[in-house]
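A structural walkthrough
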Amino acid sequence: IKNMDTIKLKGHVKTYLFPAEKIPNKEAFLKLNESQRKEYLVDEGDNLVVNSGLLSIAQYITGQATTLPGFIQVGTNGSGVTAVETVLATPLTPRETCYAKYAVNGDMHFDAFFLPATAAGTWAEAGLFTALTGGIMIARKVLSSTFVKTTGNTAIVMWKISVTAS
């Protein structure tokens, strides 16, 4: 295929934190417009698609794998990301199943909602995985600054992986 010799993957993550009484569930979040959402945005930035993630996506494209990402986990370790990582350094919680997985204009989206009782603690990192337990880590994001999610908060992590040809 001409002009598609190289495929590049770039990840971008948005993390939102809400008072649980205002945004108790994902349906309440989905009713917010973009300017209302910005009020609750606590972190946004690019992530690293790790080596195991690149291999997993390549295997999926070639039919050697059948599992796609669909689970997000957060943790407390803010150390730098390296391409050889396969798990979060210090996971805070079990993984959350993404309530939304969809593609738009070459971008893959994976969104997970964290209820008040889930993932309480200091958030410093997030990972995108192919399974609820085990599986393959596709990407890892170290948050720009840590924040504390309490049992009085809900949160959403919205992960986007852009696929481009060059």
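The notes below deal with the structure included here.

Scoring rules and cut-offs
- Residues numbered from 1 in each chain as written.
- Predicted model: local features only at pLDDT ≥ 70, side-chain atom pairs only at ≥ 80, totals over all residues.
- Heavy atoms only, no water.
- 1 Å grid on protein atoms, 1.4 Å probe; cavity = no way out; pocket = protein on both sides within 12 Å on 5 of 7 lines; lining within 4 Å.
- Points joined across faces, edges and corners; volume = space filled by probe spheres on them.
- Nonpolar A, V, L, I, M, F, W, Y, C, P; charged D, E, K, R; others polar.
- Buried < 20%, exposed > 50% of the residue type's maximum accessible area, 1.4 Å probe, protein only.
- Helix = DSSP H or I, 4+ residues; strand = E, 2+ residues; numbered from the N terminus.
- Pairing = 2+ DSSP bridges.
- Core = buried A, V, L, I, M, F, W, Y, C linked by side-chain atoms within 4.5 Å.
- Arc of directions from axis to C-beta.
- Contact = heavy atoms within 4.5 Å.

**As for the layout of surface pockets**
A volume near 170 Å³ is recorded for the largest pocket. Looking at the largest pocket, the residues that line it are Ile-7, Lys-8, Leu-9, Leu-54, Ile-57, Ala-58, Ile-61 and Thr-62. Among the residues forming the lining of the largest pocket, the class breakdown is six nonpolar, one polar and one charged.

**Concerning the pairing of strand S6 (residues 107-114)**
The element S6 is largely enclosed, with a buried count of seven among its eight residues. Bridging between strand S5 (residues 100-104) and S6 involves five bridges; their strand directions are antiparallel. When the sheet's bridge partners are listed, Lys-101 is paired in S6 with Phe-110. Once S5 ends, the chain turns through two residues before running back antiparallel as S6, passing Asn-105 with a positive phi of about 50°. Pairing analysis gives eight bridges linking S6 to strand S9 (residues 153-165), with the strands arranged antiparallel. The residue bridging Phe-113 from the neighbouring strand is Ile-156, located in S9.

**Details of the nonpolar core**
Core analysis: the largest hydrophobic core is formed by 22 residues, its most contacted members being Ile-72, Phe-114, Trp-123, Val-157 and Trp-159. Put simply, the parts of the chain that give this core at least two residues each are strand S1 (7-19), strand S3 (71-75), S6, strand S7 (121-129), strand S8 (137-149) and S9. Within the second largest apolar cluster, ten residues are counted, among which are Phe-29, Tyr-40, Phe-113 and Ile-156.

**Quick look at helix H3 (residues 51-61)**
Taken together, the buried positions of H3 are Gly-53, Ser-56 and Ile-57. Buried residues of H3, seen end-on, are gathered within an arc of 95° and therefore sit on one face of the element. Here the buried face of H3 lies against S1, strand S2 (41-49) and S8. Gly-63 sits one or two positions beyond H3 and adopts a positive phi of about 85°.

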